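# Observations on the three-dimensional arrangement
So you can see what is in the structure, the chains are spelled out below.
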Amino acid sequence: VSDMTLHTLNLANPDVLQRLLRFANPQDSLLLTGDGVYLLPQLNANPAAIVTYYRRPDADQRGLDTRYSPAIPIDDEAWVKLTLTHQRLLTWKQS
């Protein structure tokens, strides 16, 4: 089993996103949930070096146009699968 971390960000704070991206390893993944999906346009302009997912229901509820996003949309079932394929889960919060 590889040493992967799933980083979850559920707030629209670009500073926290930048800290997360500096901390993450190339084999890690990022999941944007809740208000974190508001960071998708920033990631479109500067794609992350790690695989990025977003919770589609959160983007839909906020009326975001995600057609051209490099991030991968997922539902809750796929979220559960992500948690099972990563050794560690790390939720980022405001500091």
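Quick summary incoming for the structure in this document. (Residues numbered from 1 in each chain as written. Predicted model: local features only at pLDDT ≥ 70, side-chain atom pairs only at ≥ 80, totals over all residues. Heavy atoms only, no water.)

To continue, consider the packing of aromatic side chains. All told, the structure shown has one aromatic pair when counted by the stated rule. Relative to W92, the ring of F23 has its centre 5.7 Å away and its plane inclined at 70°; by these criteria the two rings are edge-to-face. Taken as a pair, F23 in helix α1 (residues 14–23) and W92 in strand β5 (residues 88–92) lie far apart in primary sequence, 69 residues in all. For F23, a relative accessible area of 52% puts it in the exposed group. (Phe/Tyr/Trp six-rings, centres within 6.5 Å; stacked < 30°, edge-to-face > 60°. Helix = DSSP H or I, 4+ residues; strand = E, 2+ residues; numbered from the N terminus. Buried < 20%, exposed > 50% of the residue type's maximum accessible area, 1.4 Å probe, protein only.)

Note on soluble globular proteins: their nonpolar side chains tend to be buried together. One finds L9, L30, L32 and Y54 to be the most contacted residues of the largest nonpolar core, which totals 17 residues. Elements represented by at least two residues in this core include exactly α1, β2 (29–32) and α2 (40–45). Of all hydrophobic cores here, the second largest spans five residues; its members include L6, L31, Y53 and L82. (Core = buried A, V, L, I, M, F, W, Y, C linked by side-chain atoms within 4.5 Å.)

Overall, parallel pairing links the five strands, which are arranged β4-β3-β2-β1-β5 in an open sheet. Two strands close off the open sheet at either side, each with one partner strand: β4 (72–74) and β5. For this sheet, the mean angle separating the axes of adjacent strands, direction not counted, is 25°. (Pairing = 2+ DSSP bridges. Axes fitted to C-alpha atoms, helices over the stretch in contact; angles between N-to-C directions.)

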